[in-house]
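# Examining the three-dimensional arrangement
Chain by chain, the residues:
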Amino acid sequence: MRSLTTRLGALALVGVLGLTACSFDSDSTTGTGDGAGTLRVANPTPVVSLNPFAANSADQPTLTVVQEVFETLVVRDNGEIAPNLAESWTNPDPLTWQFALRDDVTFADGTPLTSADAKASLQALIDGKGPLAGLWATVEEIGTPDEHTLTIRTSSALGTVLSNLTLLWIAPAAKITDSAFFDAPYGTGPFKVSSFTAGQSVELVRNDAYRGDQPKLATISYRYIPEVSGRVTALTNNEIDVTWGLPPDQLTGLRGNDALTVQSFPTYANYYIWFNSSREPFTDARVRRAMWHAVDFATISGSLFDQAGTPATGPLPEAIFGAAAQNPYPYDPAKAKQLLTEAGYPNGFTTSMMWSTGCCTNGNSFADAMISDWAKVGIVVKPEELERATWLDKLLKLDWNSTMTTGSTITGDADFTLARLYLSTAKRNGYTNPALDEILLAARAELDQDKRADLYAQAGKIVWDDAVGIFPLDLSGNVVLRTGVNGFTPTPNDLPSFAGVSLS
Amino acid sequence: MTDPVTASVALGTPGPPVEADTTGDDGRPAAVPRRPRRRRLRLWIPLGVIAGYVVAGLIGPVLARYDPIATSVTDRLRPPGSRLADGSLALLGTDQVGRDLLPQIMQGARVSILVGAATLLLAGVVGAAIGILCGYLGGVVDAVLMRLADIQLAFPSILLAVFVAAVLGSSVTNVVLTLSITTWPIFARVARAQTLATKSRDFANAARTLGAGSWHIVRHCVLPAVASPLMVIATVQLGFVIVAEASLSFLSLGIPPGTPSWGTTIANGRDYLASAWWIATIPGLVLALFVVCVGVLGDELRDRSDPNLSTR
């Protein structure tokens, strides 16, 4: 008896010590009066690399930090492309883009920015063979006629050059091939990296050579806190100033806290459930539509996603260039039954749905709710929650029946999602449709941006009406700030930027 | 796991008196016809609680129909005692997709007890067989198998379980296998020690002199001596096994999604500790109470099977 009591007692003691130890490492360096100081940020996903040219070029955590350090030639401002490092651009012919770079820009080490740096950066992105390299597949030649002019020649007309350039970060050509450079990189942006521990923390300090308004913050300190409850506790205990990407159920509690401000905003990200159109029974569009009609998405999203999502109007969130509203699929189990009967499955069928652990906001609850509704029309869906690497492997091999995930159109341009995932050659979901391919390729080659938007609206209609997948929700982002953090503006790419932030 | 009391039971030597009031255990059982009241309570209260869990696990899911697939998102995160949309009462509240927690916990009890019993049966049979074999044969077989067991015991058992579970994948059978792999050495050691102590006792030697074969001696002399300490060890281990199953399920390496278990329910409630404490807290308390009762019962059985009382 004594041994058991001692053991339980010791266990309780360890627990208590562990809990108290957690709250010891708080430091409060916030607020020095003039608005300068350290902004303490907790990112929800780990920053594993600061190299925006290779495997992590489309990684949200990497981009969140990198955007404070590097700049791009053009930026997307309220949906429109605006000049940044490039002052202006022209198309001498449909295959050539010519950019005039600003001549008053220097890197943090004092060397001036030239077209050679822009060329080296684009070349590094293409050679890095990361997820963004495909955007530039048709680039034939990158030219530097003079120090401040950059030309990009493509083998066929490429209408997405400008939106692709919003993710091309310009790094110094002399350093870009040096992998040690990315342990503490610097660029032309408002901050430079002072220290970086992969997967754990990043420290940024003000770049005094920045050409624009000096940021009010002296330093930004990013720390990775994996558990949601850990981040919330750190925030309420004044150990961090900012975090984002919290599940909607946590926000309800935080909204009532006077020391915190919660900001929600529309993003480029949405939820989608794909069906493997190359596998029975999903080869039949009627089955795929039946899956959609069978689920009461209005009720589910109203209960599960309080202010965290809005019902989708099309396969792409509204904030994206080329998105257009489509005809909604109402909740109608009778119609679902009828479509199943027409397709030859009057009693439903058995299938499975996979997703990766932690992939999606409220993902497990959302999956449970959909599976419950599908069971009501006779479709038995087995849940398969997989570890991310396993999920990705199966996904790319098309070894699945249906899959749930969230995706972000990080360039803000419909081409990034539609042409990357829905072309027959992409082989991502087993769906093949020559008419869709034709529209998507025509849109990519179109230089007139209004005509491109029209073509993407047509492509979106095909994807939506053929129910290649279910597009239930456009996701809202959220950022929670402690009172005293001023001047934060959310952006739809869900990469919180703190250059304009000050502390009081 | 190898505290002195267990070892003394196993070796058949008198252990130190465990508690001051256990005067009945000093080698004169006949002189003390009734155990003190406290001792009897220490046996019957945990037994009663455990019986309650078994009954809840057996008939609970039949009485309160629980469908792990059916969700009701409009009823989600309701506190204990709420009325649901269909008029029913959620005595212990609802989880994050509106499923009633009470039937879910009862279903979880069924899974946990089933996994615990199956694991102990498998590990017990395999462990006892290996232990008796080692103890009886001795020599190289003994050295090899027992060093294997030692090596495995030197390894943190939950770490080993996580590793094996990650390799095997998640299913109920695999959880039983995983936990059996981590538990068998404990049974093997006790069985071996008891065999060593018994095989050269007078009655065993007498049987051997009369021409009994090894199989006869193992069956009639060794096995009865091994059985009772193994029962005690099994009771003590039940608590560990159930906690290990819950830990694996918590890490989504145990019971697959779709089958409720205490561990998965606790894991589901992890993100709602501040807003909906009941999802993780109630199954946590249910699990804790069960494990404490099993532990008290195990300790009590161990005291009662003190070798001075159960000499063969």
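Computed from a predicted structure; not experimentally measured. (Residues numbered from 1 in each chain as written. Chains lettered and ligands numbered in written order. Predicted model: local features only at pLDDT ≥ 70, side-chain atom pairs only at ≥ 80, totals over all residues. Heavy atoms only, no water.)

## Details of the interface of chain B and chain A
- Taken together, the contacts link 25 residues of chain B with 22 residues of chain A.
- In total, chain B and chain A occlude about 2000 Å² of area from one another, counting both sides; carbon and sulfur atoms represent 53% of this.
- On the chain B side of the interface with chain A, the three residues burying the most area are B:Ile69, B:Val73 and B:Asp271, jointly 23% of the side's total.
- Here chain B and chain A share 3 salt bridges between them.
- The partner of A:Asp368 in a salt bridge is B:Arg99, and the shortest N-O contact between them spans 3.4 Å.
- Counting every contact that joins chain B to chain A gives 7 residue pairs in polar contact (both at pLDDT 80 or more).
- The greatest single-element share of the side of chain B that touches chain A, amounting to 5 residues, is contributed by helix 10 (residues 278–304) of chain B. (Contact = heavy atoms within 4.5 Å. Buried area = accessible area lost by both parts, 1.4 Å probe. Salt bridge = Lys/Arg side-chain N within 4 Å of Asp/Glu carboxyl O. Polar contact = N/O pair within 3.5 Å; in protein donor to acceptor, adjacent residues only side chain to side chain. Helix = DSSP H or I, 4+ residues; strand = E, 2+ residues; numbered from the N terminus.)

## What about a negative patch on the surface?
Residues and elements named next belong to chain A.
- A surface patch of negative charge is lined by Asp 77, Glu 80, Asp 448, Asp 450 and Asp 454.
- Relative to the helices and strands, Asp 448 resides in the loop between helix 13 (434–445) and helix 14 (449–465).
- A relative accessible area of 33% means that Asp 448 is categorised as partly exposed. (Patch = residues over 30% accessible without salt bridge, like charges linked within 9 Å, V, L, I, M, F, W, Y side chains within 5 Å. Areas by Shrake-Rupley, 256 points an atom, 1.4 Å probe, with all protein chains shown as cover. Lys, Arg positive; Asp, Glu negative; His and termini not counted. Charge placed at Lys NZ, Arg CZ, Asp CG, Glu CD. Buried < 20%, exposed > 50% of the residue type's maximum accessible area, 1.4 Å probe, protein only.)

## What to know about the pairing of strand 16 (residues 402–408) of chain A
Residues and elements named next belong to chain A.
- With respect to burial, strand 16 is a largely interior element, 6 of its 7 residues being buried.
- Pairing of strand 12 (residues 260–275) with strand 16 involves 7 bridges; the strand directions are antiparallel. The residue of strand 16 that forms the bridge with Ile 273 is Met 404.
- Pairing of strand 14 (residues 350–356) with strand 16 involves 2 bridges; the strand directions are parallel. Across the sheet, residue Met 353 finds its bridge partner in strand 16, namely Ser 402. (Pairing = 2+ DSSP bridges.)

## Section: the confidence of the model for chain A
All names here are of chain A.
- Chain-level pLDDT for chain A is 88 on average; 93% of the residues reach the 70-or-more range.
- Under a pLDDT of 50 for its full length, residues 1–6 has, in the predicted model, 10 contacts with residues more than four places off or in other chains.
- A low-confidence stretch, residues 8–33 stays under pLDDT 50, and its non-local contacts, those more than four residues away or across chains, total 17 contacts. (pLDDT = per-residue confidence, 0-100.)

## Some details on the nonpolar core
Residues and elements named next belong to chain A.
- Among the nonpolar cores identified, the biggest contains 69 residues, and Met 353, Phe 366, Met 370, Trp 374, Met 404, Leu 418 and Tyr 422 are the most heavily contacted of them.
- The leading source of residues in this core is strand 12, at 7 residues.
- Once residues within four sequence positions are removed from consideration, Trp 374 is found in contact with Met 291, Ala 294, Val 295, Met 353, Ile 379, Val 381 and Ile 470.
- Formed by 67 residues, the second largest nonpolar core is a distinct cluster that contains Val 47, Ala 86, Leu 150 and Leu 162. (Core = buried A, V, L, I, M, F, W, Y, C linked by side-chain atoms within 4.5 Å.)

## Let's talk about the state of the cysteines
- Tallied over the entire structure, the rule returns 1 disulfide over all chains.
- Covalently, A:Cys359 is tied to A:Cys360 through a disulfide, its sulfur atoms 2.0 Å apart. The sign of the S-S torsion, about -80°, decides the handedness of the disulfide formed by A:Cys359 and A:Cys360: left-handed.
- Relative accessible area serves as the criterion here: at 11%, A:Cys360 is assigned to the buried category.
- Counting only cysteine sulfurs, B:Cys221 is the nearest neighbor of B:Cys134, a cysteine outside any disulfide, at a range of 19 Å. (Disulfide = S-S within 2.5 Å.)

## Thoughts on the pattern of salt bridges
- Throughout the structure, instances matching the rule amount to 24 salt bridges over all chains.
- Linking A:Arg452 and A:Asp413 is a salt bridge whose minimum nitrogen-to-oxygen distance equals 2.8 Å. Note that A:Arg452 is positioned in helix 14 and A:Asp413 in the loop between strand 16 and helix 12 (414–421), a separation of 39 residues in sequence. As far as the burial class goes, A:Arg452 and A:Asp413 line up, both buried.
- For B:Asp142, the salt bridge identified is with B:Arg192, shortest N-O distance 2.7 Å.

## With respect to the packing of aromatic side chains
Residues and elements named next belong to chain A.
- Tallying each qualifying case throughout the model produces 28 aromatic pairs over all chains.
- A ring pair is formed by Tyr 271 and Phe 366, whose centres lie 4.7 Å apart and whose planes are at 65°; its orientation type is edge-to-face. Here Tyr 271 is found in strand 12, whereas its partner Phe 366 is found in helix 10 (residues 363–376), with 95 residues between them in sequence.
- Look at Tyr 271 and you get buried, because its relative accessible area is 0%.
- When its relative accessible area of 1% is taken as the criterion, Phe 366 is described as buried. (Phe/Tyr/Trp six-rings, centres within 6.5 Å; stacked < 30°, edge-to-face > 60°.)

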